[in-house]
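Okay, here's what each chain looks like letter by letter:
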Amino acid sequence: MISSQLPALQIIVPLLAAPFCVIIRNSRATWLISVLASWVTFGISILLYLDVQTLGVISYEMGNWAPPWGIEYRIDSINVFVLLIVSSIGALVSLYAYPSISVEVDENKHYLFWTSYLLCLTGLLGVTITGDAFNIFVFLEISSLSTYVLIALGKNRHALYAAFRYLILGTIGATFIVIGIGLLYLLTGTLNLYDLSMRLGDMSLTQPQLAALAFLTVGISLKLALFPLHLWLPNAYAFAPSVATCFLAATATKVAIYLLLRFAYDVFGQSQIFSELPLGEVLLILSIAAMFIASTVAIYQQDIKRMFAYSSVAQIGYITLGASFASHTALTSSIVHLFNHAITKGAIFLLLGLVALRIGQPTLKKMSGLGKSMPWTSAGLVICGLSLIGVPGTAGFISKWYLILAVLERGWWWLAFMILASSLLAVIYVWRVVETMYVSDSDSRGDSHMASTTSPTSMTLVAWLFVTSCIFFGFHTSFSVEGASAAAKVLLEYTK
Amino acid sequence: MKNYDRVLRVISKAMIPFIMVFALYVQFHGDYGPGGGFQAGVILAAGLIFYSLIYGLEVAKKIAPPRFIELLVATGVLLYVMVGLMGIFLGSDFLDYSVLAQDSVHGQHYGIFLVELGVGITVFSVMLTIFYMFAGRGRNP
């Protein structure tokens, strides 16, 4: 009985835990509830992943109303992969969070942090698992609203401004998405994604359909921080509490990318949008711009969290670059990078959370000499930096390798060179961090106010789990690449 | 403050009970006519906000303490999810109301009634919380 209910339970468990946090209020108890709920959620994702391997597609009828009228939860190889990424990161980050939150968030707001965290997890998982267009919007709002709260809980006063800015831009994005969905509903009379793609496939490309596609693409691009629409991201990441930054950087934009793939390849898959519209070209140009401009901006940042936030914008460029041409290798590279970037950026922000416990908001100046005072954390940052650049032996290499393979399949040598050139920009900003940590010896950290000298074991363990997985998935690619390859295959099948 | 706004005090005292009853009507009549939990929650909250505008925030906070209202926010959501989970416990899918009673017509009726009650409670308490937040700004830092 319970196994058939897994798709619903995936959402219900964190959703049920969130109000309990409000009722209980005690800081440690709410943390324990959140850890328990996120690990149960993670377990459910694993079971769903195993089910999808044997069954192919799982369909769940909410409230026993048959699709396309009722809300359907539809799980195939692509969204189960994203579910697994989101829930695993949610589970690990919750385990890591307690000491970091104790320092970075006011004691009387801890329960609000955990409530928002669980609701954000619910929303992100909901967006991923559902097969209903309006349901996507609802869950997107749940995750966005709780994200604004998570960011605003940062102690720095800039956090409020960053959250408000994200609120404005995020709301515009969500509005665009709902307008797009509304247009599709007017055109087809259905909200079920599978049904939508069938019906849109039977129609010729008309103006309203193009308008719907345009609204959806722009709205989703705002959410995933595609290059010119990324302005909310750097401050949001920089001023949110470390735990929130880590969770959001590793999951929120990834779920938005999943949405882009879902709409471009599945819902509009049979409308020939890649052959008849310049969607691929637009994505390509914006991705290249993101890779170069965001990486260049990252080089000039003094605040380390901001630097890696800009680096996220650049890395998202690699993901959308893979999504911009409809070939199996390219999509595989895109989805692999979604996974690899999640663990790499997750690891970086987890390590920066450890650094923040010692020196407060990590800036280049304060981090000088960190190689001596925090040798392990610094070594971890170096490993993650290598993965960000794409050095062989790290997870980042695998995704860049597939991306370059995909580009060469097309015979676009120039693009392969551009990918390598933009990786060199990553070398520069990673080197700036490495240089301050190891080479510059001016030890100006004596004035730090948070003078804890040891790092909490739980945080160190989780951070290093992420760092080792950056290396592990650089050698052992059977999970990441095969999962991504299966997902890419499914997406291209929809497109045919 | 005393006798300062007698007209408002008298009229509001006369009106607030009707606002409350109307909120309950909108809540419980929602499955036959226009209305439902969301609207009812807003009307009920409007009644209390009206009261607090006339008689002062502190008095309103005595009637509806913020802590208690915050509990209600969670209770409404919990009620909703619990009704949904009943569907699973009774051997069907999440939010399947048909299995809640002997036949599906009654089941659907109970289901939507309870779920709307949950919505009503949460919307009422969220509205009031937002009001408390804004009204309380700068008073007790």
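Residues numbered from 1 in each chain as written. Chains lettered and ligands numbered in written order. Predicted model: local features only at pLDDT ≥ 70, side-chain atom pairs only at ≥ 80, totals over all residues.

Caption draft 1: How the structure looks around the overall build of chain B. On a plain count of helices and strands, chain B comes out with five helices and zero strands. Here the C-alpha atoms of chain B give a radius of gyration of 18 Å, more than 25% beyond the 14 Å that 2.2 N^0.38 yields for 141 residues. On the principal axes, the C-alpha backbone points of chain B span a range of 60 × 35 × 20 Å. Restricting to contacts in chain B with at least 6 residues of sequence separation, those with at least 24 account for 62%. (Helix = DSSP H or I, 4+ residues; strand = E, 2+ residues; numbered from the N terminus. Rg over C-alpha atoms; globule rule 2.2 N^0.38 Å. Contact = placed C-beta atoms within 7 Å.)

Caption draft 2: Quick look at unusual backbone geometry. Residues and elements named next belong to chain A. Cis geometry marks the peptide bond from Pro 67 to Pro 68; its omega dihedral reads 5°. Tracing the chain through its elements places Pro 68 in the loop between β1 (58–61) and β2 (72–75). Of note in this structure, Asn 64 is not a glycine but carries a positive phi near 60°. Within the secondary structure layout, Asn 64 lies in the loop between β1 and β2.

Caption draft 3: Structural context of the domain arrangement of chain A. All names here are of chain A. Its domain assignment divides chain A into domain 1 (1–270) and domain 2 (278–496). Put simply, the middle of domain 1 and the middle of domain 2, counted by C-alpha atoms, are 22 Å apart. At the interface, 41 residues of domain 1 touch 46 residues of domain 2. Contributing elements (two or more residues each) for the side of domain 1 that touches domain 2: α3 (77–104), α9 (233–239) and α10 (242–267). Broken down by element, the side of domain 1 that touches domain 2 gets its largest block of residues, 15 residues, from α10. Classifying every residue of the side of domain 1 that touches domain 2 gives 28 nonpolar, 10 polar and three charged. (Domains from an automatic or database assignment. Nonpolar A, V, L, I, M, F, W, Y, C, P; charged D, E, K, R; others polar.)

Caption draft 4: Spotlight on helix α20 (residues 478–495) of chain A. Residue and element names in this part refer to chain A. Between its terminal C-alpha atoms α20 stretches 25 Å, which fits the 26 Å expected from 18 residues at 1.5 Å a residue. Restricting attention to buried positions, one finds in α20 the residues Ser 480, Val 481, Gly 483, Ala 484, Ser 485, Ala 487, Ala 488, Val 490, Leu 491 and Thr 495. Buried-residue contacts for α20 involve α3, α10, α14 (328–359), α17 (395–409) and α19 (457–475). (Expected span 1.5 Å × (residues − 1). Buried ≥ 20, exposed ≤ 12 C-beta atoms within 10 Å, placed from the backbone.)

Caption draft 5: How the structure looks around the interface of chain A and chain B. Contact with chain A, which involves 13 residues of that partner, is made by 16 residues of chain B. The leading source of residues in the side of chain A that touches chain B is helix α1 (residues 6–24) of chain A, at seven residues.

Caption draft 6: View of the packing of α10 of chain A against α20 of chain A. Residue and element names in this part refer to chain A. Contact pair α10 / α20: the axes reach a minimum separation of 7 Å and the direction vectors enclose 40°. Comparing the axis directions of α10 and α20 gives the class oblique. Of the residues in α20, those in contact with Leu 261, Tyr 265 and Asp 266 of α10 are Leu 491, Tyr 494 and Thr 495. Classifying every residue of the contact of α10 with α20 by side-chain character gives four nonpolar, one polar and one charged. (Axes fitted to C-alpha atoms, helices over the stretch in contact; angles between N-to-C directions. Parallel < 35°, antiparallel > 145°, perpendicular 65-115°, else oblique.)

Caption draft 7: Main features of the packing of α14 of chain A against α20 of chain A. All names here are of chain A. Look at α14 against α20: their axes get within 8 Å of each other, and the N-to-C directions meet at 130°. In terms of orientation, α14 lies oblique with respect to α20. Considering only the axes of α14 and α20, their crossing is right-handed. Only Ser 480, Val 481, Ala 484, Ser 485, Ala 487, Ala 488, Lys 489, Leu 491 and Leu 492 of α20 make contact with α14, whose side of the interface consists of His 328, Leu 331, Thr 332, Ile 335, Val 336, Phe 339 and Asn 340. Counted by class, the contact of α14 with α20 contains 10 nonpolar, five polar and one charged residues. (Left-handed = near helix turned anticlockwise from the far one by under 90°.)

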